[in-house]
Amino acid sequence: MADRVTVIGWDGSPLTEAARAALGAATLVAGAAHHLALPEVPPAAERIRLGSVALAARRIAAHRGTAVVLADGDPGFFGVVRTLRAPEFGLEVEVVPAVSSVATAFARAGMPWDDAQVVVAHPRTLRRAVNVCRAHSKVAVLTAPGAGPAELGLLLEGVHRTFVICEELGTDRERVTVVTSDKAADHTWRDPNVVIVIGGPAGPGTPGDSGDWIAGRGPAAGPRGWCLPAEEYGGGLGEGETDLLRAAQLARLGPRLGDLVWDIGCGSGAFATEAARAGAAVLAVDRDLAACVRAETTARRHGVQVQIVHGTAPHVLEDLPEPDVVRVGGGSIAVVSAVADRRPQRIVTHAATRDDAELVGRELTEHGYRVECALLQSVALDTRAWTETERSVAFLLSGVLPDREDPAP
């Protein structure tokens, strides 16, 4: 094992005295090509071109001498330190930090970033990174080849965003470009780059508005509760939108940051709004234009981002991006079947009769879902006289796809 491993962050500034001293004593240096070209790298040191950090870590672990790893930005922020400290390599490291590329990107844009989401996009996580960009008004994306500005723009089709694209930060080739998301695919971008994605409502009550006490996505503003009472939506909710039914549906689906939720038959937009308050990206679908308008108004009033899709299911679903979880609030058995064909991790719906519930349950089972059904009955009481004011009965059905119970991050 290497006698000593020092990780040096590099942001284009002159190296600190500590960094120069560590490099001067190094017998092995790992880094990108521009790092290995630095004049402070000892000519006699073994050099490793840093591609796979895991492969480099194995070579460092087997090295007898003093190793240095050079990395762009702060190596402890979505950087190489996490991999090097993994138990399988047994490396103890010292870190010489630098300004992170995210901090530098926001500085170039002249913007604060304590209220921003920060995500890493590579081919495996690109879809979930895009979902965060759909759901939040300020996101920094650390990109990778095959998951850069062009791919982000293509997957954000139908959602208007502004991209601030910062290429090769800290080098003499640094470039900052501002484009709309729909134009990002028209250009070729240099790696590495950071994309600041901006857009959508960001007023009082926005879940992403962290105020001045917590970084990133703060707690949801507005009234407390995972499921808000009907009066928060101006009343007039449909029979499939009662408070307790919505609460049960949310509990079954568990929408979270990085998810894309479909809400089919969105009605007033109450469920869509609550899924968005949980941090998920939401597509709200309804064939009734008035419902679409109301759902959009509801989302705006609560400061969340919901993309509205006007059209009739199942046909309108064909061109929508892949969902993680789906609520079918309205539609026929054909809609449930079309949703199941897209293989979301979880599906939830409800039925008014046992016969209808059995039909839906069989359809989900035939598609490979593990199905649960519960009869929900709620009775609202006027506590002044303890008299019944409203009664609701529904069969709640949920399906879980066993091979997708633990989705990729």
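The rules behind the values
Residues numbered from 1 in each chain as written. Predicted model: local features only at pLDDT ≥ 70, side-chain atom pairs only at ≥ 80, totals over all residues. Heavy atoms only, no water. Phe/Tyr/Trp six-rings, centres within 6.5 Å; stacked < 30°, edge-to-face > 60°. Buried < 20%, exposed > 50% of the residue type's maximum accessible area, 1.4 Å probe, protein only. Helix = DSSP H or I, 4+ residues; strand = E, 2+ residues; numbered from the N terminus. Contact = heavy atoms within 4.5 Å. Pairing = 2+ DSSP bridges. Axes fitted to C-alpha atoms, helices over the stretch in contact; angles between N-to-C directions. Patch = residues over 30% accessible without salt bridge, like charges linked within 9 Å, V, L, I, M, F, W, Y side chains within 5 Å. Areas by Shrake-Rupley, 256 points an atom, 1.4 Å probe, with all protein chains shown as cover. Salt bridge = Lys/Arg side-chain N within 4 Å of Asp/Glu carboxyl O. Parallel < 35°, antiparallel > 145°, perpendicular 65-115°, else oblique. Left-handed = near helix turned anticlockwise from the far one by under 90°. Nonpolar A, V, L, I, M, F, W, Y, C, P; charged D, E, K, R; others polar.

### Points about the packing of aromatic side chains
No. 1: Taken as a whole and judged by the stated rule, the model has 3 aromatic pairs.
No. 2: The interplanar angle of 75 degrees and the centroid separation of 5.2 Å between the aromatic rings of F77 and F78 together place this pair among those described as edge-to-face.
No. 3: Exposure remark for F78: the relative accessible area of 49% places this residue in the partly exposed category.
No. 4: Consider the rings of F106 and W113, whose centres lie 6.1 Å apart with planes at 10 degrees: the pair is stacked.
No. 5: Residue W113 is classed as partly exposed on the basis of its relative accessible area of 30%.
No. 6: Clustering of aromatic rings is evident, with ring pairs tying together F77, F78, F106 and W113.

### Regarding helix 9 (residues 270-277)
No. 1: The element helix 9 is extensively covered by neighbouring structure, given that 8 of its 8 residues are classed as buried.
No. 2: What helix 9 keeps buried is the set A270, F271, A272, T273, E274, A275, A276 and R277.
No. 3: Packed against the buried residues of helix 9 are helix 8 (243-253), strand 11 (260-264), strand 12 (281-286), helix 10 (289-301) and strand 14 (325-328).
No. 4: Just downstream of helix 9, G279 is the residue with a positive phi angle, here 105 degrees.

### Observations concerning the sheet that holds strand 4 (residues 66-72)
No. 1: Here 5 strands make up an open sheet; going across it, the order is 3-2-4-1-5 and the pairing parallel. At either margin of the open sheet sits one strand with a lone partner, and together these are strand 3 (46-49) and strand 5 (93-96). Averaged over all pairs of adjacent strands, the angle between their axes in this sheet comes to 20 degrees, without regard to strand direction.
No. 2: Each of strand 1 (4-10), strand 2 (28-31), strand 4 and strand 5 is contacted by helix 1 (residues 17-24), which is oriented at about 135 degrees to strand 1, the strand it contacts most.
No. 3: Across the sheet, helix 3 (residues 53-62) lies against strand 1, strand 2, strand 3 and strand 4, angled at about 160 degrees from strand 3, the strand it touches most.

### A word on a nonpolar patch on the surface
No. 1: A surface patch of nonpolar side chains, amounting to about 320 Å² of accessible area, comprises V379, L381 and W386.
No. 2: Along the chain, L381 falls in strand 16 (residues 370-382).

### Observations concerning the sheet that holds strand 8 (residues 162-167)
No. 1: If you trace the 5 strands from one edge of the open sheet to the other, you get 6-7-10-8-9, paired in mixed fashion. At either end of the open sheet lies a strand with only one pairing partner, and these are strand 6 (117-120) and strand 9 (175-180). With direction set aside, neighbouring strand axes in the sheet form an average angle of 20 degrees.
No. 2: Along the sheet, helix 6 (residues 126-135) contacts strand 6, strand 7 (138-142) and strand 10 (193-198); its crossing angle with strand 6, the most-contacted strand, is approximately 160 degrees.

### A few points about the packing of helix 11 (residues 333-341) against helix 12 (residues 354-366)
No. 1: Relative to each other, helix 11 and helix 12 sit at 20 degrees, their axes nearing to 10 Å. Relative to helix 12, helix 11 is oriented roughly parallel. The two elements helix 11 and helix 12 cross, and the hand of that crossing is right-handed. Of the residues in helix 12, those in contact with I333, V336, S337 and A340 of helix 11 are L359, V360, E363 and L364.
No. 2: When the residues that make up the contact of helix 11 with helix 12 are grouped by side-chain class, the tally is 6 nonpolar, 1 polar and 1 charged.

### Brief notes about the environment of A2
No. 1: As for its placement among the helices and strands, A2 is situated in the segment before strand 1.
No. 2: Residues A2 and E239, spaced 237 residues apart in sequence, show a C-alpha to C-alpha distance of 67 Å.
No. 3: Ignoring anything within four residues of it in the chain, the contact list for A2 reads I60, A61, H63, G65 and A67.

### Considering the packing of helix 8 against helix 9
The description of two packed helices rests on the angle between their axes and on the distance between the axes.
No. 1: Two elements in contact, helix 8 and helix 9, have axes separated by 11 Å at closest approach and are oriented at 40 degrees. Between helix 8 and helix 9, the angle falls in the class oblique. For the pair helix 8 and helix 9, the crossing hand works out as right-handed. Across the interface between the two elements, R246, Q249, L250 and L253 of helix 8 pack against A270, F271, E274 and A275 of helix 9.
No. 2: Here the contact of helix 8 with helix 9 is built from residues that sort into 5 nonpolar, 1 polar and 2 charged.

Read these as spatial facts, not as claims about activity.
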